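Observations on chain architecture
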Amino acid sequence: MDLSEPKERLKMILFIKTLAAATAATVLATGAFAQSAREIRGPSPYVAVENQPEPKLIVDPPLPEGIAQGVYWAQYRVENLRIVPVFGAGAVDVSPRIGHLHVIVDDLPWWWADASDNNTVDIANFPPGPHKVNIRLVDANHNVIPGQEVTHTFTVPDTATPHSH
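Let me sum up the structure you'll find in this document.

Thresholds applied
Residues numbered from 1 in each chain as written. Predicted model: local features only at pLDDT ≥ 70, side-chain atom pairs only at ≥ 80, totals over all residues. Heavy atoms only, no water. Helix = DSSP H or I, 4+ residues; strand = E, 2+ residues; numbered from the N terminus. Rg over C-alpha atoms; globule rule 2.2 N^0.38 Å. Contact = heavy atoms within 4.5 Å. Pairing = 2+ DSSP bridges. Axes fitted to C-alpha atoms, helices over the stretch in contact; angles between N-to-C directions. Phe/Tyr/Trp six-rings, centres within 6.5 Å; stacked < 30°, edge-to-face > 60°. Salt bridge = Lys/Arg side-chain N within 4 Å of Asp/Glu carboxyl O. Buried < 20%, exposed > 50% of the residue type's maximum accessible area, 1.4 Å probe, protein only.

1. Quick notes on the overall build of the chain
A count of helices and strands for the chain gives three helices and eight strands. Going residue by residue from the N terminus, the α and β elements of the chain occur as α-α-β-α-β-β-β-β-β-β-β. Over its C-alpha trace the chain gives a radius of gyration of 25 Å, far above what one expects of a compact globule, namely 15 Å for 165 residues. Its C-alpha atoms give the chain principal-axis dimensions of roughly 85 × 50 × 25 Å. The long-range fraction of contacts in the chain, counting pairs at least 24 apart against all pairs at least 6 apart in sequence, stands at 62%.

2. Let's talk about the sheet that holds strand β2 (residues 72–79)
As summarised here, the arrangement of the three strands in space is β1-β2-β6, forming an open sheet in which the pairing is antiparallel. Of all the strands in the sheet, the pair left with one neighbour each is β1 (56–59) and β6 (120–123). Each strand axis lies, on average, 25 degrees off the axis of its neighbour in the sheet, ignoring direction. As paired elements, β1 and β2 share four bridges and run antiparallel to each other. Pairing of Lys56 across the sheet is with Glu79, part of β2.

3. Some details on the packing of aromatic side chains
Enumeration according to the criterion identifies three aromatic pairs in this entry. Members of the aromatic cluster, connected to one another through ring pairs, are Tyr72, Phe126 and Phe154.

4. Notes on the pattern of salt bridges
Using the criterion set out here, one finds three salt bridges in the structure. The partner of Glu149 in a salt bridge is Arg136, and the shortest N-O contact between them spans 3.4 Å. Residue Glu149 is located in strand β8 (residues 144–156), and its partner Arg136 is located in strand β7 (residues 129–139); the two are separated by 13 residues in the primary sequence. Accessibility expressed as a relative area gives 26% for Arg136, which makes it partly exposed.

5. A look at the pairing of β7
Counting buried residues along β7, eight of its 11 residues qualify, which places the element largely inside the surrounding structure. The sheet contact formed by strand β4 (residues 98–105) and β7 spans seven bridges and is antiparallel. Within β7, the position partnered with Val105 by the bridge is Val133. Of the pairings in the sheet, the one linking β7 to β8 comprises nine bridges and is antiparallel in character. Among the inter-strand pairings, Val133 is bridged to a residue of β8, identified as His152. Hairpin connection from β7 to β8: four residues lie between these consecutive antiparallel strands, with His142 at a positive phi of about 70 degrees.

Next up, the structure:
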């Protein structure tokens, strides 16, 4: 390419400026979205938190790929509470706050506690037909945190193929 021609030279300068601007925008956008460990994981467990915000439970809808196999997979996350396997009245006043999940299937009279914090509730071998899964965020003494409950209703199709691990 002969850059001595003014038209070609201007095209090259414009291209370089455009490339530089795109690179700068990418770097700035990446920095703007970067989050600290505290922003993602919450406060350090080594320092008590004054005036803790209320805990919040966020549960995504179950994955359709699982429902088609008779499996309920729903990812979740919790804000302002750590999911840990610590139970009892003495643990209720711990700061930062701790708790776990209660999972109830099809309105059965029993539930199980999930203190694993593995990010996904996994329940297998649902028979075809309608079902309901209720997930509750509870404190270390098994008290439901008001308003922090999610219920999913879904239907496993007659064509569901059993899931095997």
